[in-house]
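Close look at the chain arrangement
Spelled out, the chains give:
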Amino acid sequence: TSPTQVTLLGATGSIGQSTLAVIAAHPEQYALFAVTAHSNVTALATICVQFQPQFAVMVDPTAAQQLTQQLRTQGCRTEVLSGTEALSAVSSAAETDIVMAAIVGAAGLLPTLAAVQAGKRVLLANKEALVMSGQLFIDAVRESGAVLLPVDSEHNAIFQALPQAAQVASHSMQYADFGIEKILLTGSGGPFRELPLNELAAQSPAAACRHPNWEMGQKISVDSATMLNKGLEYIEARWLFNCAPGQLDVIVHPQSVVHSMVQYTDGSVIAQLGQPDMRTPIAYALAYPERINSGVPALDFTTMGALTFSAPDPQRYPCLQLAIDACWSGQAATTTLNAANEMAVAAFLHGQITFGDIAVVCAAVLEQAELSELTTIEAILACDEAARRSAALWIQRRGH
Ligand code: NDP
Ligand code: MG
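The present account deals with the structure reproduced in this document. Note that the coordinates shown come from a computational prediction; the quantities given were computed from them, not determined experimentally.

Rules and cut-offs
Residues numbered from 1 in each chain as written. Chains lettered and ligands numbered in written order. Predicted model: local features only at pLDDT ≥ 70, side-chain atom pairs only at ≥ 80, totals over all residues. Core = buried A, V, L, I, M, F, W, Y, C linked by C-beta atoms within 7 Å. Buried ≥ 20, exposed ≤ 12 C-beta atoms within 10 Å, placed from the backbone. Helix = DSSP H or I, 4+ residues; strand = E, 2+ residues; numbered from the N terminus. Contact = placed C-beta atoms within 7 Å. Pairing = 2+ DSSP bridges. Right-handed = clockwise from strand over helix to strand, strands pointing away. Axes fitted to C-alpha atoms, helices over the stretch in contact; angles between N-to-C directions. Left-handed = near helix turned anticlockwise from the far one by under 90°. Nonpolar A, V, L, I, M, F, W, Y, C, P; charged D, E, K, R; others polar. Expected span 1.5 Å × (residues − 1). Parallel < 35°, antiparallel > 145°, perpendicular 65-115°, else oblique.

Counting residues in each nonpolar core, the largest one holds 125 residues, and the members touching the most others are Ala101, Leu123, Ala323 and Ala344. Ranked by residues supplied to this core, first place goes to helix α15 (residues 331-349) with ten residues. Once you skip the residues sitting within four places of it in the chain, Ala101 turns out to touch Leu9, Gly108, Thr112, Ala115, Val122, Leu123, Leu124, Ala125, Asn126 and Ala129.

The structure is reproduced here in structure tokens:
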């Protein structure tokens, strides 16, 4: 049989690179149909030369021209496309079986949704896409018959801890049918978990990006430091696993060995454990329901030491509570929070606002937002836009 054709959105990123490592180890099973990036010419050229995909999308037109030239001089026959529409074209193309959604932020929404609407097997790393569009996204999965598999390590762990009969339709499962009581979402607490509270606000971008356990892109690293990442994951879990309020708890677990858990009515708790290495959930989602070698070494329990668990401190992580509240107050709140956070994180990384300002900007934008119901993609994009404008004003006000 011929290899399964994969479209890799965000190929040059952290998840993109881990996905390429797994695919490279299984050339008979997987081939790349298309790869995409925003503007990193050198990295995408290297990927094209190694994997020879049919298409490479470079969103930035100047970068696309440079890539075309580089590939020509290296004799690589990959066809280069440009622009955001090309992302959706390759993610919904008839030739592709699997779409790995690994673009960071709101930019991933439309191509991920296009893959869902085309009924693909969608491997979701881009949590922001689901946070922004929630019900609309899940309805699209149901209508098209797409198979949605979580790549985010926590959600992948929860998926693995569910009964098989609950797995693929887990976004509409009834907990009572499976004896499920609640989902326990674990998070490390990030690099500032033990910092004195009065030193928190002034932390630098470099310090915020120095995650104790995981190597990730900059945006998600900052989100881990504020724990808004866990907040986005809380919202992501709500949609992926059809949670009601009270069926989802966040637990701080600094060692990042237990990637999340499902608690059952008989008192059993089922957890998935593993190294903090995204190749494990990526390999699981690629091969599901089978298992393939991910290249990740097994855990060594003889040298591991203690695993500890505690409740998140609301004073240290104000963004987490913002997200939990937004989750249960409607789509506009989560779309708004996601947009405000993307703006605030970018401003923090550019040295325009402090680490402490991220929570201030998010709270202020949410406070002022008009929270009407959002049921169309146009309404979602308009809400995202409005939140970005509002965040820009707050960033200016807080800025130095
Ligand atoms: P990176 O920043 O490392 O990579 C982002 C990728 O998206 C790059 O390929 C980048 O291209 C591309 N990209 C950025 N902006 C745009 C845009 N406007 N249009 C099109 N493409 C764009 O991010 P990560 O790999 O860390 O994260 C990707 C997603 O996966 C995020 O949603 C994150 O939350 C999620 N995730 C990541 C984990 C991790 O371990 N890294 C773990 C769990 C979830 P270019 O290189 O050209 O800029
Ligand atoms: Mg995660």
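Structure's up, so let's keep going.
We now examine the environment of Pro191. As for its position among the elements, Pro191 is in the loop between β8 (180-187) and α10 (205-208). On the basis of neighbour count, Pro191 is assigned to the partly exposed category, with 18 C-beta atoms found within 10 Å. If we ignore the near neighbours within four places in the chain, the residues touching Pro191 are Ala207, Ala208, Arg210, His211, Pro212 and Ala225.

All right, on to the pairing of strand β4 (residues 79-82) then. Taken residue by residue, a regular strand's side chains alternate between the two faces of the sheet. Strand direction decides the pairing type here: strand β3 (residues 55-58) and β4, joined by four bridges, are parallel. Across the sheet, residue Met58 finds its bridge partner in β4, namely Ser82. In this view, the connection linking β3 to its parallel neighbour β4 by way of helix α3 (residues 61-73) has right-handed handedness.

For β8, the buried fraction is high: six of the eight residues fall into the buried class. As paired elements, β8 and strand β10 (residues 258-264) share four bridges and run antiparallel to each other. Among the inter-strand pairings, Leu184 is bridged to a residue of β10, identified as Met261. Relative to strand β9 (residues 248-252), β8 runs parallel, the two sharing five bridges. By the bridge assignment for β9, Thr186 is matched with Ile251.

For any two helices packed against each other, one specifies the inter-axial angle together with the distance between the axes. The geometry of helix α7 (residues 153-160) relative to helix α12 (residues 228-240) is characterised by a closest axis approach of 10 Å and an angle of 30° between their N-to-C directions. Where α7 crosses over α12, the two elements pack in a sense that is right-handed. From α7, Glu154, His155 and Ile158 reach across to α12, where they touch Glu233, Glu236, Ala237 and Leu240. Here the residues of the contact of α7 with α12 are counted per class, giving three nonpolar, one polar and three charged.

Another aspect to go through is α15. For α15, with 19 residues, the first-to-last C-alpha span of 27 Å sits near the 27 Å given by 1.5 Å per residue. Most of α15 sits out of view: 17 of its 19 residues are buried. Backbone geometry just after α15 places Gly351 at a positive phi near 75°.

To continue, consider the packing of helix α14 (residues 318-327) against α15. Following both chains from N to C, one finds α14 and α15 inclined at 150°, their axes separated by 7 Å at the closest point. As summarised for this structure, α14 and α15 are arranged roughly antiparallel, according to the angle between their axes. Together, Leu322, Ala323, Ala326 and Cys327 of α14 and Ala333, Thr334 and Leu337 of α15 make up the contact between the two elements.

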